Amino acid sequence: MQFQQWALRPGLLLFQLALPWVMIRGAGLEGPSWQARFDDFAKDERLAVLQRLAEETVTEALGGIRSALGLEPGRLQIRWILDLSSRAEPVAPEEPFESGRTHVGERDVEVILPARKFLWDPPRARPVVIHEAVHAVMASATGSRGAYQSIPKWLREGLALHIADEGELLLAETLAYTMFQGQPASAFFKGVRAQAVSYSEAYLAVLELQRKLGHDGLKAFVRDVVAGEGVERLLEKYLGVRLEAFEAQVVTYGQERVRGLLGEGTEPAFRAAMEARVQGEKARAREAFLDLLARQGEGPLSSTLRYLLARDVLESDRTISAASTMLLPLQQLLDSPATLWRPEALVLLGDCHRRMGATAKARQAFEQVLEVFGEDKGPAEEARRNLKALR
């Protein structure tokens, strides 16, 4: 799994789909209408639930953005698009696992929600719609694509994550995946000036702004940014610091947050467990993972630990008993808000059902991988292989 799946936390993609729109609206609801593009899922019985949720969420999002940031849509009209295509190819190399996108044009702004990502579980669309609504309202309020793009990525993405209430989960799973890759938990800090600034660091930068300015101060800061004042000048005006100093403050604050999330001793314990696993000492690694999971509870490593435990057990023990034992931890992972390891966990869940003779449930898990995560090559190929074997 490539970590860009995080882009779950979509950035701004200048992507245009030039097909006619079909109006859709939930019965009795007020607020912006969503428009459908393509028709692969037009007759899918699951679509009505997603449509209603998207409609309700936009109305809620616009009110929340007004309250939290003091922003209203401006000169650029916002169009809300439900993409009903079944394609699973990456839209752009830099965002291969996007769950939504905002396109800012010369005359309007389009928020595009790929329905296939959410038909299995519509509530997961809610934070994505809010996230993209923040981008859309900011862009509309600036009045032009160029003005919006001049706002630094860290501020655009940090605000969207903060308002959509995605930041804490993202931060937890960012440090978990960073550690999974064998790096120190804080290795994802690149600095807000970096082109490759991570979504998590962007979120922490906005939290640092709010810590120093308070709610009303943050609103005033954002309004000035949208009005066209440069962020660097505004940092000096509001905080009395240059961008370089603010960047250092964000890293200091972020590293404190990471230490607090992990707790004492967690990072070296996880590193030792992973080293044992790589060296083939699966029993010792499993014992360490179980101990960490007991200590962490639903902490930042929980989904990673559940995934690693399930994968190692199922790879080393092909029995029905092992499959039965792993059903619960896999289902716990999939029922949680976690986004990390979802496609891999679905493949493992399907394998468990297949071993236990529950062919329909196995097929459903593999089909979900292809529909929702079809662009994720590894899990998608495993799902196709398993579906072929089931036939």
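All values reported here derive from a predicted model rather than from experimental measurement.

Basis of the calculations
- Residues numbered from 1 in each chain as written.
- Predicted model: local features only at pLDDT ≥ 70, side-chain atom pairs only at ≥ 80, totals over all residues.
- Heavy atoms only, no water.
- Helix = DSSP H or I, 4+ residues; strand = E, 2+ residues; numbered from the N terminus.
- Rg over C-alpha atoms; globule rule 2.2 N^0.38 Å.
- Buried < 20%, exposed > 50% of the residue type's maximum accessible area, 1.4 Å probe, protein only.
- Areas by Shrake-Rupley, 256 points an atom, 1.4 Å probe, with all protein chains shown as cover.
- Lys, Arg positive; Asp, Glu negative; His and termini not counted.
- Charge placed at Lys NZ, Arg CZ, Asp CG, Glu CD.
- Phe/Tyr/Trp six-rings, centres within 6.5 Å; stacked < 30°, edge-to-face > 60°.
- Lys NZ or Arg CZ within 6 Å of the ring centre and 35° of its normal.
- pLDDT = per-residue confidence, 0-100.
- Contact = heavy atoms within 4.5 Å.
- Salt bridge = Lys/Arg side-chain N within 4 Å of Asp/Glu carboxyl O.
- Pairing = 2+ DSSP bridges.
- Axes fitted to C-alpha atoms, helices over the stretch in contact; angles between N-to-C directions.
- Parallel < 35°, antiparallel > 145°, perpendicular 65-115°, else oblique.
- Left-handed = near helix turned anticlockwise from the far one by under 90°.
- Nonpolar A, V, L, I, M, F, W, Y, C, P; charged D, E, K, R; others polar.
- Core = buried A, V, L, I, M, F, W, Y, C linked by side-chain atoms within 4.5 Å.

Caption draft 1: Molecular detail of the overall build of the protein. Looking only at helices and strands, the protein has 15 helices and 5 strands in total. For a compact globule of 391 residues, the expected C-alpha radius of gyration is about 21 Å, and the protein comes in at 22 Å, within 12% of that figure. Put simply, the protein has 391 residues, and 55% of those count as buried. As presented, the protein carries roughly 17000 Å² of accessible surface, and 50% of it is formed by carbon and sulfur atoms. Averaging the locations of the 49 positively and 53 negatively charged side chains of the protein gives two centres separated by 2 Å.

Caption draft 2: Structural view of unusual backbone geometry. A positive phi angle, near 60°, is found at D165, a position not held by glycine. On the basis of relative accessibility, which here comes to 70%, the residue D165 falls in the exposed class. Positive phi is not limited to glycine here, since W341 has a value of about 75°. Within the secondary structure, W341 sits in the loop between α12 (320–335) and α13 (342–355). Residue classification places W341 among the buried residues on the basis of a relative accessible area of 3%.

Caption draft 3: Spotlight on the packing of aromatic side chains. As enumerated under the stated definition, the model contains 9 aromatic pairs in all. Pairing W154 with F246 gives two aromatic rings, centres 5.4 Å apart and planes at 40°, and the pair type is tilted. Note that W154 is positioned in helix α4 (residues 153–163) and F246 in helix α8 (residues 243–262), a separation of 92 residues in sequence. Relative accessible area serves as the criterion here: at 2%, W154 is assigned to the buried category. Take F246: its relative accessible area is 0%, and that puts it in the buried class. With a centroid separation of 5.4 Å and 70° between ring planes, the pair formed by F221 and Y238 is classed as edge-to-face. Taken together, the residues F221 in helix α6 (residues 199–226) and Y238 in helix α7 (residues 231–239) connect sequence positions 17 residues apart. Members of the aromatic cluster, connected to one another through ring pairs, are Y177, F180, Y307 and W341. Above the face of the Y199 ring, K153 is positioned so that its terminal group lies 5.3 Å from the ring centre. The cationic tip of R156 hangs over the ring face of Y148; the distance from NZ or CZ to the ring centre is 5.2 Å.

Caption draft 4: Summary view of the confidence of the model for the protein. Residues of the protein with pLDDT of at least 70 account for 90%, and the chain-wide mean is 90. Looking over the protein, one finds the lowest element-wise mean pLDDT in strand β1 (residues 22–24), namely 34, and the highest in helix α2 (residues 125–142), namely 98. Every residue in residues 1–29 scores below 50 in pLDDT, and together they form 108 contacts with partners more than four places removed in sequence or on other chains.

Caption draft 5: Representation of the pattern of salt bridges within the structure. Inspection of the entire model under this criterion finds 30 salt bridges. A salt bridge links E98 to R101; the shortest N-O distance between them is 2.6 Å. By relative accessible area, which is 1% here, R101 ends up buried. A salt bridge links R193 to E247; the nearest nitrogen and oxygen atoms lie 2.8 Å apart. Of this pair, R193 sits in the loop between α5 (167–180) and α6 while E247 sits in helix α8, and the two are 54 residues apart along the sequence. In this structure R193 comes out as partly exposed when scored by relative accessible area, which is 48%. Salt bridges sharing partners connect three or more residues here, namely R193, E236, R242, E244 and E247.

Caption draft 6: Broad picture of the pairing of strand β5 (residues 108–114). For β5, a buried count of 7 out of 7 residues is recorded, marking the element as mostly surrounded by other parts of the structure. Of the two faces of β5, the one lined by D108, E110, I112 and P114 and the one lined by V109, V111 and L113 are each fully buried. When strand β3 (residues 77–83) meets β5, the two strands line up parallel, connected through 7 bridges. The residue bridging W80 from the neighbouring strand is V111, located in β5.

Caption draft 7: Spotlight on the packing of helix α11 (residues 302–316) against α13. In contact at an axis separation of 10 Å, α11 and α13 are set at 40° when each is read in the N-to-C sense. Between α11 and α13, the angle falls in the class oblique. With respect to the hand of their crossing, α11 and α13 are arranged in left-handed fashion. Contacts between α11 and α13 involve Y307, A310, R311 and L314 from the former and E344, L348, C352 and R355 from the latter. Of the residues in the contact of α11 with α13, the class split is 5 nonpolar, no polar and 3 charged.

Caption draft 8: Spotlight on the nonpolar core. With 118 residues, the main nonpolar core has W154 and L155 as its most contacted residues. A total of 14 residues in this core trace back to one element, the largest contributor, which is α6.

Caption draft 9: Just the side chain of T304, in detail. Within the element layout of this structure, T304 appears in helix α11. Non-local contacts of T304, meaning those with residues more than four positions away in its chain, are made with A176, F180, F270, L340 and W341.

Caption draft 10: Up close: the environment of G254. Relative to the helices and strands, G254 resides in helix α8. Judged by its relative accessible area of 0%, G254 falls in the buried class. Taking C-alpha positions, G254 is 8.3 Å from A205, a pair spaced 49 residues apart along the chain.

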